[in-house]
Structures are given as structure tokens and as C-alpha cells.
Amino acid sequence: MELIYKGKTKDVYQLENGNVLLKFKDDCTGKDGVFDPGENAVGLTIDGIGRANLETSVMFFELLKKAGIKTHYVSADLDNATMEVLPATVFGHGLEVICRLVATGSFIRRYGDYIEDGTRLEGGYVETTFKNDEKGDPLVTKDALVALNVMSAEMYDSMKEQTLTITRLVADELAKKGLDLYDIKFEFGYNNGEVILIDEIASGNMRVYKDGAIVDPVTLNKLILG
């Protein structure tokens, strides 16, 4: 097993069978010790959050599988906080896709002159950012992605459609537990020319409220898995 990459919340290893192993860590994105999925740096460490995020991811990946949505998920070892996945090529040097159902966080920091915090974004609002810590994960448009040869227009359209569909499935599942999904962050890649969801679907990548108050990642995992 060979280390490929050390990430903010996971380490990535190459397996002998051609697949990839993700090792989940206890780090979360945020700022000044406060969790924020919109931040581009590790802001805090929470004991056990890696394993819990893996368990949550497995639950959602199995949900998508039942819905007929292909992802990179193969299997998981909860005791060792690892997940085996299909190999996939990332777009460019890495691309993050955010789906917003409610205007808040960095969206308001950018566009607060035009929209009130907490406004519903009907149908969902999808935006993409390059993974680049030094530049603060800059926003990038569909036209730019195509012009830069990062992906084709058809790949972008597939990615956006999947993002909206997956977000709705996740939001509906959370709603069954009285939870309100505000926004969620995904990563996509391509496997054999097909755009698929990669990485994870975990509490550290979503902003969820209950009874008007944000739910921290540890509590969110307990509510999801409970």
C-alpha cells in the first residue's frame, strides 16, 4: 500500500488491486476553532469524527446505490476508518462542488448586498471552486472550466445534474430526522470517462440546522446514525 496524498481530512493510498484506500482523519475544516464547511483549511480536530464521518458516508453511498447513482464507493472498514474506492481522475488539480439550498456562510459574505442571510435558494444553487489553499479555493464558472480544458461542457452538465439529485436525496433523508440541510460540498472525478461522485458524504462537508440552530459535526453524525 503506497501513500498517494495527505489531505486535510483524509489520507489517500494506492492498493495493489488497482483501487484506492481513503483513511479518514479527525480533522475538520473551519476557522479559529469553529466548524465551517465553507472554509478551505483545517480549523479544529474532533476525536472520533473520522470514523463517524466514514460511517455517515457509507450510509449515504448505500442510499445512492439503491437510487441507481454510480459513485466510487466499493467497501469500508469502520474499525480502521478506511474506505476502498474505485480509482478516479480528479478534474484539474481538484474541484469542489457546493450545492446551496439556503443562502448563508461564504455565499452571504460574497453576495450579502443582494440577498438576506437565510433566504431559500429554490431548486438549489450549484457553484464550483478550484481546490487551492493559497488562493482560497477560488470560484470558477462552467465557461472557464471548459476554456481551461479542465472538463467538457457535457461533463459539467452531468456533474451539476448529479449534484442537484444527490443533494435532494441527502436533504430528504435528513428531513426525516427533523434536520434542515443548508448546503453541502462534494467532489467529482471521472472513471472510464464517466463522471462520478468521489470523496465522502459526511457531516464535515455539510451545514445542517435543527430548530433554527446549526448542528455541529459530532452531534450531526449522532443524529444521522442514531
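The coordinates are above.
Residues numbered from 1 in each chain as written. Predicted model: local features only at pLDDT ≥ 70, side-chain atom pairs only at ≥ 80, totals over all residues. Heavy atoms only, no water.

A. Focus on the overall build of the protein. Assigned secondary structure in the protein consists of five helices and 16 strands. Relative to the compact-globule value of 17 Å for 226 residues, the protein shows a C-alpha radius of gyration of 17 Å, a close match. For the protein, the C-alpha atoms occupy an extent of roughly 50 × 45 × 35 Å along the three principal directions. Put simply, 57% of the contacts in the protein that link residues at least 6 apart link residues at least 24 apart. Surface exposure of the protein reaches about 11100 Å², of which carbon and sulfur atoms provide 49%. (Helix = DSSP H or I, 4+ residues; strand = E, 2+ residues; numbered from the N terminus. Rg over C-alpha atoms; globule rule 2.2 N^0.38 Å. Contact = heavy atoms within 4.5 Å. Areas by Shrake-Rupley, 256 points an atom, 1.4 Å probe, with all protein chains shown as cover.)

B. Representation of the packing of aromatic side chains in the model. Evaluation of the coordinates by the stated rule reveals six aromatic pairs. Each ring, one from F107 and one from Y125, has its centre 5.2 Å from the other, and the planes form 70 degrees; the classification is edge-to-face. In this pair, F107 is assigned in helix α2 (residues 106-111) and Y125 in strand β11 (residues 120-130), connecting sequence segments 18 residues apart. Looking at F107, the relative accessible area reads 6%, which means it is buried. When the centroid spacing of 6.4 Å and the interplanar angle of 70 degrees are considered together, the rings of F186 and F188 count as edge-to-face. Classification of F186 as buried rests on a relative accessible area of 1%. Taking relative accessible area as the criterion, F188 reaches 2% and is therefore assigned buried. For the cation-ring pair, K10 lies above F24, with the distance from its terminal atom to the ring centre recorded as 5.5 Å. (Phe/Tyr/Trp six-rings, centres within 6.5 Å; stacked < 30°, edge-to-face > 60°. Buried < 20%, exposed > 50% of the residue type's maximum accessible area, 1.4 Å probe, protein only. Lys NZ or Arg CZ within 6 Å of the ring centre and 35° of its normal.)

C. Representation of the pattern of salt bridges within the structure. Counted by the stated rule, this structure contains 16 salt bridges. Across the pair K176 and E173 runs a salt bridge, and its minimum N-O distance is 3.3 Å. Given a relative accessible area of 18%, E173 falls into the buried group. Each of R100, R110, E127, D183 and R207 takes part in one network of salt bridges that share partners. (Salt bridge = Lys/Arg side-chain N within 4 Å of Asp/Glu carboxyl O.)

D. How the structure looks around the sheet that holds strand β1 (residues 2-6). Taken together, five strands build an open sheet; the order of strands is β1-β2-β3-β8-β7 and the sheet is antiparallel. Edge positions in the sheet fall to β1 and β7 (73-77), since each of these pairs with one other strand and no more. Averaged over neighbouring strand pairs, the angle between their axes works out to 25 degrees when direction is ignored. Sheet topology places strand β3 (residues 20-24) next to strand β8 (residues 82-85); four bridges connect them, and they run antiparallel. Counterpart to L22 in the pairing with β8 is M83. Set on the sheet, helix α1 (residues 49-66) makes contact with β3, β7 and β8; between it and β7 the angle comes to about 145 degrees. (Pairing = 2+ DSSP bridges. Axes fitted to C-alpha atoms, helices over the stretch in contact; angles between N-to-C directions.)

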